[in-house]
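The lines below spell out each chain.
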Amino acid sequence: MREPATLVGPAKTRFKALKARPMVYRFPVIAQSPNRQSAATAAVYWGSTATVELYPFNQDYLLRLRARSAETEAHFVEYFNTLLKAKLRSDGYSEAPLSDIRQETLYRVLKAIYLDKIQNPQSLRSFVYGVCERVEWEYDRGEWRQGRDENDEFPNITDERTTADGPARQAELLQTVRWVLERLPEKDRKILIALFMDEKERDEICREFGITRDNLRVLLHRALASARKLLSKGAAS
Amino acid sequence: MRTHSMNHQQAVNEHATERYLLREMTAEERRAFEEHYLDCADCLEAVTFGAEFLDAGRQIAPEMSARSAVRVPSWRERLLPAVSGWFRPVPALAFALLLCFGGIAYQANTIHHQQKKIASLQDLRPDFRFLLTGETRGEARIIRVTHNAQLSIEVEFTPGSEYTPYRADLLSANDKVKYSMPLSVAPNEDSISFSIPAAQLDAGNYSVIIRRENKAGASKDLASKFVLQFTD
């Protein structure tokens, strides 16, 4: 997920350019791929990442957001959608509140940016998390108050991926998870499926399968490592 | 308020990513880790990758769950529980006992019977000697013996002038060879003899055929016939 320093033309043109390139999608292995541009020098949208990099937000980025650059807004939304989903999942929110909190957070952050309230662009990630925790706090206490003004013009903050290769990489990730699960011993596969289903408490899953929390952690660690290895080889495509 | 900080080494050592994704951290630990990974490329990538992995897993979990529920077990998976059951203490003991009883029964029925037979052959027994004289064209000679007798048959004939291998065949009534044995007859001998436990034969008509086995493969047959009858 990279954001351009300058716009690279209308969406149609970029889509054609994308079509001309092979659609081999790989998740990044940090600092291992020689073809991978560093975030600091990145200037293309079609960087083949689904995960979030340590993007160097700077003053220009904020200026482009304030100027309502569609490209920059799309990057901002996609970048923080992924990040906030990870955070809110970890905080234990289910799909519906997660989506509400995420949208409200992005709305408030964009509003603060438009009002020029952010002075330090390097701390944008921390700022977004701070706002998110505030929104979570309000949500948990039933003090929910959406600050959206009907007259405000905000980018469409949806859960859908905005990049054209989103479906392809999503399909690849699904295939990878399927591949990883199919190669696990039956017991481990059942444990991970129970974990994915998210219908039972972690302790209940451990009790049911006669494992410890450490075992569960190691199992997830290995599954992630397998998926990462597979994706780095591009074998899932 | 962030009171605790975490460095990358701590995050790795404590499996912070997995604990974060599994919601095992306290609020303070979570904040410390978030503070760290928002500035750490490796951990940021690990957390978001892990979260997307779990999301993808959530999408395919119902399908995978259904598939594993209806999955047909392989022949190994089906065979293993059946066989592994044999090695559990109680079935293993029962199986061993069964083998033991089977062995004892076999010993009693078959081996013992054969031993008895061998022993009976080694016992002293009456020996009945009968002389068959060359080709029998008329009535066959009637031989009467008991079942436990040793039947010795001597066949009278004139061998050739040189040492020649012979073969004696004992044929049953339907000309089926019951016994066949090689013989070595010297030129000065005028008969050959062989013996057999009478119990090995059934009552009935028999022929004894003496064949000379020469180099050309041709043979001259000398037949004697007898009828075996048992007196007991």
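Structure's up top.
A few points on the structure. (Residues numbered from 1 in each chain as written. Chains lettered and ligands numbered in written order. Predicted model: local features only at pLDDT ≥ 70, side-chain atom pairs only at ≥ 80, totals over all residues. Heavy atoms only, no water.)

### As for the packing of aromatic side chains
Residue and element names in this part refer to chain A. As a reminder of what qualifies: We call Phe, Tyr and Trp rings a pair once their centres come within 6.5 Å, taking the six-membered ring for Trp, and we label the pair stacked below 30 degrees between planes, edge-to-face above 60, and tilted otherwise. Runs of H or I in DSSP of at least four residues are treated as helices and runs of E of at least two as strands, each being numbered from the N terminus. Charge-over-ring placement is defined geometrically: NZ (Lys) or CZ (Arg) within 6 Å of the ring centre, and within 35 degrees of the ring normal.
Evaluated as defined, the whole model comprises 15 aromatic pairs over all chains. The interplanar angle of 80 degrees and the centroid separation of 6.1 Å between the aromatic rings of Y93 and Y139 together place this pair among those described as edge-to-face. Here Y139 lies in helix 5 (residues 124–140) and Y93 lies in the loop between helix 3 (70–90) and helix 4 (95–114), a separation of 46 residues in the sequence. Taken together, the ring pairs in this structure connect Y55, F57, Y61, F76, Y79 and F80 into an aromatic cluster. The aromatic ring of Y114 is capped on one face by R68, whose charged end is 3.7 Å from the ring centroid.

### Brief notes about the interface of chain A and chain B
Much of the literature gives interface size as the accessible area that the parts lose upon coming together. Rule in force here: Working rule for contacts: check all heavy atoms of both residues, and any pair within 4.5 Å makes them a contact. Buried area: the accessible surface (1.4 Å probe) lost by two parts on joining, summed over both. Just to be clear on terms, a salt bridge is a Lys or Arg side-chain nitrogen sitting within 4 Å of an Asp or Glu carboxyl oxygen. For the purposes of these results, a polar contact is taken to be a pair of N or O atoms within 3.5 Å, where, inside protein, one atom must be able to donate a hydrogen and its partner to accept one; residues adjacent in sequence count only when each atom of the pair is a side-chain atom. When residues are sorted by character, Ala, Val, Leu, Ile, Met, Phe, Trp, Tyr, Cys and Pro go into the nonpolar class, Asp, Glu, Lys and Arg into the charged class, and all the rest, Gly among them, into the polar class.
Taken together, the contact between chain A and chain B spans 49 residues of the former and 43 residues of the latter. When the buried surface of chain A facing chain B is broken down by residue, S90, F196 and R217 of chain A rank first, second and third, together holding 14% of it. Along the contact surface separating chain A from chain B lie nine salt bridges. In this structure, R213 of chain A and E24 of chain B form a salt bridge, with 3.1 Å as the shortest nitrogen-oxygen distance. Remark: the boundary between chain A and chain B carries twelve residue pairs in polar contact (both at pLDDT 80 or more). For the side of chain A that touches chain B, the secondary structure elements donating two or more residues are helix 3, helix 5, helix 6 (166–182), helix 7 (186–197) and helix 9 (213–233) of chain A. Top element by residues in the side of chain A that touches chain B is helix 9 of chain A. It accounts for ten residues. Class assignment for the residues of the side of chain A that touches chain B results in 25 nonpolar, seven polar and 17 charged.

### Digging into the nonpolar core
Condition: Take the buried residues of types Ala, Val, Leu, Ile, Met, Phe, Trp, Tyr and Cys, join any two whose side-chain atoms come within 4.5 Å, and each joined set is a nonpolar core. Exposed residues in this analysis have more than 50% of their type's maximum accessible area, buried residues have under 20%, and partly exposed residues fall in between, with area computed by a 1.4 Å probe over protein chains only.
With 76 residues, the main nonpolar core has F76, F80, L83, L124 and L181 of chain A together with F33 and Y37 of chain B as its most contacted residues. Here L83 of chain A is in contact with V52, R125 and Y129 of chain A together with Y37, L38, L44 and T48 of chain B, once residues within four sequence places are set aside. Formed by 26 residues, the second largest nonpolar core is a distinct cluster that contains Y166, V185, I192 and I196 of chain B.

### Comments concerning the pattern of salt bridges
Opposite charge on two side chains permits them to pair, given that their charged atoms come into close proximity. Tallied over the full model, the rule gives 23 salt bridges over all chains. For the salt bridge of D214 of chain A with R217 of chain A, the shortest nitrogen-to-oxygen distance reads 2.9 Å. Here R217 of chain A and D214 of chain A lie together in helix 9, a separation of three residues that amounts to about one turn. Judged by relative accessible area, D214 of chain A falls into the partly exposed class, the value being 46%. In this structure, the salt-bridge partner of D55 of chain B is R58 of chain B, at a minimum N-O distance of 2.5 Å. Of the two residues, D55 of chain B and R58 of chain B both sit in helix 4 (residues 41–70), three residues apart, roughly one turn of that helix. Classification of D55 of chain B as buried rests on a relative accessible area of 15%. A relative accessible area of 21% places R58 of chain B in the partly exposed class. The network of salt bridges with common partners includes K87, D91, E133 and E136 of chain A together with R30, R31 and E34 of chain B.

### Section: the packing of helix 3 of chain A against helix 4 of chain A
Residue and element names in this part refer to chain A. For clarity, the threshold we go by: Here the axes come from fitting lines to C-alpha atoms, over the contacting stretch only for helices, and the angles between their N-to-C directions go from 0 to 180 degrees. For this classification, under 35 degrees means roughly parallel, over 145 means roughly antiparallel, 65 to 115 means roughly perpendicular, and everything else is oblique. By definition, any crossing whose near helix is turned counterclockwise from its far helix by less than a right angle is left-handed, and any crossing with a clockwise turn is right-handed.
The interhelical angle for the contact between helix 3 and helix 4, taken along N-to-C directions, is 135 degrees, at an axis separation of 10 Å. Considered as vectors, helix 3 and helix 4 are oriented oblique to each other. For the pair helix 3 and helix 4, the crossing hand works out as right-handed. Taken together, the residues of helix 4 that come into contact with helix 3 (itself represented by E73, F76, V77, F80, N81, L84, K85, L88 and R89) are E95, L98, I101, R102, T105, L106, V109, L110, I113 and Y114. Per-class residue counts for the contact of helix 3 with helix 4 are twelve nonpolar, two polar and five charged.

### Side note on the sheet that holds strand 1 (residues 127–133) of chain B
Residues and elements named next belong to chain B. Applied cut-off: We call two strands paired when DSSP finds no fewer than two bridges between them.
As summarised here, the arrangement of the three strands in space is 1-3-6, forming an open sheet in which the pairing is mixed. With partners counted over all chains shown, the strands left at the sheet margins are strand 1 and strand 6 (191–197), one partner each. Sheet twist, expressed as the average angle between the axes of neighbouring strands with direction ignored, equals 20 degrees. Bridge analysis of strand 1 against strand 3 (residues 150–156) gives seven bridges, and the strand direction is parallel. Residue D127 lies in a different strand from strand 3, and its bridge partner there is Q150.

### Points about the environment of Q10 of chain B
Here Q10 of chain B shows up in helix 1 (residues 8–13). Considered as a pair, Q10 of chain B and F33 of chain B are 23 residues apart in the sequence and their alpha carbons are 9.6 Å apart.

### Some details on the pairing of strand 3 of chain B
Residue and element names in this part refer to chain B. Judged by how many residues are buried, strand 3 sits mostly within the fold: five of seven residues are covered. As paired strands, strand 3 and strand 6 are joined by seven bridges and run antiparallel to one another. What sits directly across from E156, in strand 6, is S191.

Just geometry here; none of it tells us what the structure is for.
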